[in-house]
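Understanding the architecture of this molecule
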Amino acid sequence: MRLKRMMIVDVPIILDDGSIVHYEGYRVQNTLSRGPGKGGLRFHPSVTLNEVMALACWMTIKNAALNLPYGGAKGGIRLDPHQHCKGELQRITRRYTSELGGFIGPARDIPAPDVGTNEQTMAWMMDTYSMNVGGTATGVVTGKPVALGGSLGRHDATGRGVFISAQEAGRRRGVPIKGARVAVQGFGNVGSVAARLFEQAGARVVALQDHSATLVDEAGISIAAASEHVANTGQLAGFLPGAEASTETFWLVPSEFLVPAALEGQLLPERARLVETKIVVEGANGPTTPAADDILSERGILVVPDVLANAGGVTVSYFEWVQDFSSFFWTEEEINARLEKIMVGAFDSISSVAEERRISLRTAAFIVACERVLSAREQRGLYP
Ligand code: GLU
């Protein structure tokens, strides 16, 4: 499938010390056949156009696999958000939003948070777009603060979807959550929420890793205490000095569920050969390399692919966009119940295709998604 459109924009801003820096920003619209573009905006020092292109393609697959009425898109700016104060981040976000001009919008392309961005980033994008068009347009982004047309449950939605997928996979493989050992890589919006839900359901988080530390504790790490430490210090390091281990140890800790919820390319072939787990649930986008994926499947380890496992975020983004259009907001119970229904339904249909054709869940998700995209494309026809 050919890529629809990509934009590279210069994002110049004045820093607080009076100097000027230029950042490179991207927005890639992979397909728009099934609806407006949809996908997050990433702030990270390793962002490249190639990475954003891959992430936009995964959004096409994810949105179609879940049957959300969207194409696929992704944005990014190559910068380290930790090196900027709030005022500078606001200027960067506003300039980037203005540079994208009319290519984004509630019926065109709808950004959302991703690595390095959050509700505040979305509030600035919504305000900038609204100022430029001359009227409040809440539906231009999702993942906004609840006070500005955001949705209840959106903050936890990706982690909740990861947990729901783990439950479904566990049910099929005869691996109960209660009493299970879980290893979670990444303690941001996805990893921390998934870890909390696992813990609440009676699992033990025996390994936890972020950019600063790897923690291993067979008795289970307290997620509430870890979250409090991270809220105060910004990282896991220093939380349990006695439980700190080397980076590679993380992959060796025996578990029933392994949840890579950090960045792409983490589960490498050499790690896939060593992991001792039953089910990998991909919280991040693209955490398993193709060669590692083959090794896991040869070893009989079930992989719940990113395009299914982490789709809870964009599913509640869809709910947010629908609520914004009608200016009528649902309760958190309604949102969580609808999220569960969509996630379980998608898991069911993708796993039936996988069983019928004796293929992996990832290949099955791609087949289901590509059939939907191609059918939409065919029915729309070629213009002119
Ligand atoms: N950034 C999230 C993802 O990768 C959410 C995208 C969205 O809500 O549009 O799925």
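On a predicted model such as this, the values are computed, not experimentally measured, just so you know.

**Concerning the sheet that holds strand β11 (residues 279-281)**
Strand order in the open sheet formed by seven strands is β9-β8-β7-β6-β10-β11-β12, and the pairing between neighbours is mixed. Taken across any chain shown, the strands that pair with only one partner, and hence form the sheet edges, are β9 (244-245) and β12 (302-304). With two bridges joining them, strand β8 (residues 214-216) and β9 adopt antiparallel strand pairing. Looking across to β9, one finds that threonine 214 is bridged to alanine 245.

**Quick notes on the sheet that holds strand β3 (residues 37-44)**
Reading across the sheet, the five strands line up as β1-β2-β4-β3-β5 and stay open at both edges, with mixed pairing between neighbours. Both edges of this open sheet fall to β1 (5-14) and β5 (109-113), since each of them pairs with a single strand only. Recorded for the sheet is a direction-independent mean angle of 25 degrees between the axes of neighbouring strands. With six bridges joining them, strand β2 (residues 20-31) and strand β4 (residues 72-78) adopt antiparallel strand pairing. In the sheet register, threonine 31 faces β4, and the bridge partner there is glycine 72. Lying on the sheet, helix α1 (residues 49-65) is in contact with β1, β2, β3 and β4; it crosses β4 at an angle near 155 degrees.

**As for the site of the ligand**
Close contacts around the ligand come from 14 residues, with Lys38, Lys62, Pro113, Asp114 and Ser317 the closest. Aspartate 114 has a polar side-chain atom sitting 2.8 Å from a nitrogen atom of the ligand. Contact between the ligand and asparagine 285: an oxygen atom at 3.0 Å from a side-chain N or O atom of the residue. Counting residues per element, the ones that place at least two in the shell around the ligand are β3, α1, β5 and α10 (312-326). A class-by-class count of the residues in the shell around the ligand yields four nonpolar, five polar and five charged.

**With respect to the layout of surface pockets**
Put simply, the second largest pocket is a space of about 520 Å³. Around the second largest pocket, the lining is made up of 20 residues, and of these Lys4, Thr31, Leu32, Ser33 and Arg380 lie nearest the centre. When grouped by side-chain class, the residues that make up the lining of the second largest pocket number seven nonpolar, seven polar and six charged.

About the criteria used
- Residues numbered from 1 in each chain as written.
- Predicted model: local features only at pLDDT ≥ 70, side-chain atom pairs only at ≥ 80, totals over all residues.
- Heavy atoms only, no water.
- Pairing = 2+ DSSP bridges.
- Helix = DSSP H or I, 4+ residues; strand = E, 2+ residues; numbered from the N terminus.
- Axes fitted to C-alpha atoms, helices over the stretch in contact; angles between N-to-C directions.
- Contact = heavy atoms within 4.5 Å.
- Near = heavy atom within 4 Å.
- Polar contact = N/O pair within 3.5 Å; in protein donor to acceptor, adjacent residues only side chain to side chain.
- Nonpolar A, V, L, I, M, F, W, Y, C, P; charged D, E, K, R; others polar.
- 1 Å grid on protein atoms, 1.4 Å probe; cavity = no way out; pocket = protein on both sides within 12 Å on 5 of 7 lines; lining within 4 Å.
- Points joined across faces, edges and corners; volume = space filled by probe spheres on them.

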